[in-house]
Amino acid sequence: MPSSLGQRLALASYRLIVNLMVPLAGLVALPFLFLSIKRRKTLFQRLGWQTYPPDLQAQARPVWVHALSVGETLSAVNLIKQISGQLHDRPLYLSVSTLSGYAIAREKLGQEVDGLFYFPYDLEISIRTCLNRIRPVLFILIETDIWPGFLAQLRCRRIPCFLLNARLSPQSFSLYSNLLPLFQPAFNTFHWVYPQSEREAARFLALGVHPAKIRRCANLKLDTTELLPSEQTIHELKNSLNLKGGSPIFVAGSTHSGEEVIVRSVFLRLQEHYPDLALILVPRHPDRAKELVALFQQDPLNVTLFSRVNHRHPSVVVVDQMGFLSRLYALADVAFVGGSLVPQGGHNPIEPACWGKPVLFGPDMRDFPDISKWLLESGGAIQVQDGEGLFEQTLKLLENREMGRTMGSQGRGLVERHRGTTRAIVQDIIQFLGASETPPHTEV
């Protein structure tokens, strides 16, 4: 429990606000919440009214992994696949917080875990309901989703927990620093913290995390090569798109609102130089796909949805399904990583680098500061500042295929140098489970 009076008061105040004020505000906002399909399908589940994995009192207590949303879930795929093969009779559960995270977790890991459910809101009744049902022997948090009330319950119940792929954005670091009496005990709840980089490690230390808790720097997003689909799978995917044989392919992945307009303008200009160029557009939120088809249909282009490719040689394929982006990057001659030309923090540039593709991204990569920096330093990526820069660099790579192959090779080399990170962490986890006695569990 928090050791100082200030920390105890901070936690008590937080609990009072969250457990009294938030439910009242939620009741007022309930009609508006139900207008959002994302909230409508997750609200009651996260309050505790959901089907949890069956009570396994007679079996060994489970390991519980939590991944906030899509990005964190994808980071955890390799980890979970490796852990699941080494737990023997111990169950492995996975939780997420978002509807899109649940969809990708079910698709990628539905066969690997013994239970999948939504993470509880940081309300006492929700947390207690969840923990009393799950009864984990170990809780593993991927990257970020820090809730003081939940972590306080873990301390109360003496449930050990790890923080993997740990990172703190500048905004989060500033918030936690200003609320240190509340968040310092929360972060010190973790038995081990695996930061993504030395810079991230320094931030955790600055927040008062005990140095003995900081383990090796390890970024799970860099260790993904073992999960790449087979060449046969990629060949079948390309055939299913009915693209013109030999035509260059420009893949724009994880794009956001405002970014597709830029990509459209760039693509139209590129087609003046390469009339056979095909664009595969993968919006971050697939439910925007029909809107984007309408955007591109303003021009004389052969546009189709990914799920409805029924004619040959489309100019533009708009992807309306989740879980395909990594495979689609394999088809690219040039790959653009979205969320970076608009202020969204960027997305994971390692996905195209894994395939040895030249990578382009915009100025805002604040959610991937280390990976983007390493890729730039390795020569595997180019950072552009706007649509004009995206056009110029894409055209240069299409004109100079050797330059693209060199960039792809350098990016792929960076990925290869980080292979084995996940395996080492999994060994730490298995050794910890073997060495530690199961702590007593108390329903609180």
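In short, a report on the structure. (Residues numbered from 1 in each chain as written. Predicted model: local features only at pLDDT ≥ 70, side-chain atom pairs only at ≥ 80, totals over all residues. Heavy atoms only, no water.)

### Quick notes on the packing of aromatic side chains
Then step 1. Scanning the entire structure with this criterion turns up 17 aromatic pairs.
Then step 2. Both rings, one in Tyr52 and one in Phe117, keep their centres 5.5 Å apart while their planes meet at 65°; by these two values the pair is edge-to-face. Taken together, the residues Tyr52 in the loop between α3 (43–47) and β1 (63–67) and Phe117 in strand β3 (residues 115–118) connect sequence positions 65 residues apart.
Then step 3. Classification of Phe117 by relative accessible area gives buried; the value is 0%.
Then step 4. Note on Trp64 and Phe119: the rings are 6.0 Å apart at their centroids and 50° apart in plane angle, and the pair reads as tilted. In this pair, Trp64 is assigned in strand β1 and Phe119 in the loop between β3 and α6 (124–134), connecting sequence segments 55 residues apart. A single burial state applies to Trp64 and to Phe119, both of which are buried.
Then step 5. One aromatic cluster is present, built from ring pairs that chain together Tyr52, Trp64, Phe117, Phe119, Phe139 and Phe150.
Then step 6. Above the face of the Trp192 ring, Arg215 is positioned so that its terminal group lies 3.9 Å from the ring centre.
Then step 7. One cation-aromatic arrangement involves Arg269 over Phe391; the distance from NZ or CZ to the ring centre is 3.8 Å. (Phe/Tyr/Trp six-rings, centres within 6.5 Å; stacked < 30°, edge-to-face > 60°. Helix = DSSP H or I, 4+ residues; strand = E, 2+ residues; numbered from the N terminus. Buried < 20%, exposed > 50% of the residue type's maximum accessible area, 1.4 Å probe, protein only. Lys NZ or Arg CZ within 6 Å of the ring centre and 35° of its normal.)

### Remarks on the packing of helix α12 (residues 259–273) against helix α13 (residues 289–296)
Then step 1. Contact geometry of α12 with α13 gives a least axis separation of 11 Å together with a crossing angle of 35°. Judged by the sense of rotation from one axis to the other, the crossing of α12 with α13 is right-handed. Contacts between α12 and α13 involve Glu260, Val261 and Arg264 from the first element and Leu292, Leu295 and Phe296 from the second.
Then step 2. Counted by class, the contact of α12 with α13 contains four nonpolar, no polar and two charged residues. (Axes fitted to C-alpha atoms, helices over the stretch in contact; angles between N-to-C directions. Left-handed = near helix turned anticlockwise from the far one by under 90°. Contact = heavy atoms within 4.5 Å. Nonpolar A, V, L, I, M, F, W, Y, C, P; charged D, E, K, R; others polar.)

### Considerations on a nonpolar patch on the surface
Then step 1. Taken together, Leu16, Ile17, Leu20, Met21, Leu24 and Leu27 make up a surface patch of nonpolar side chains, about 640 Å² in accessible area.
Then step 2. Here Ile17 shows up in helix α1 (residues 5–33). (Patch = residues over 30% accessible without salt bridge, like charges linked within 9 Å, V, L, I, M, F, W, Y side chains within 5 Å. Areas by Shrake-Rupley, 256 points an atom, 1.4 Å probe, with all protein chains shown as cover. Salt bridge = Lys/Arg side-chain N within 4 Å of Asp/Glu carboxyl O.)

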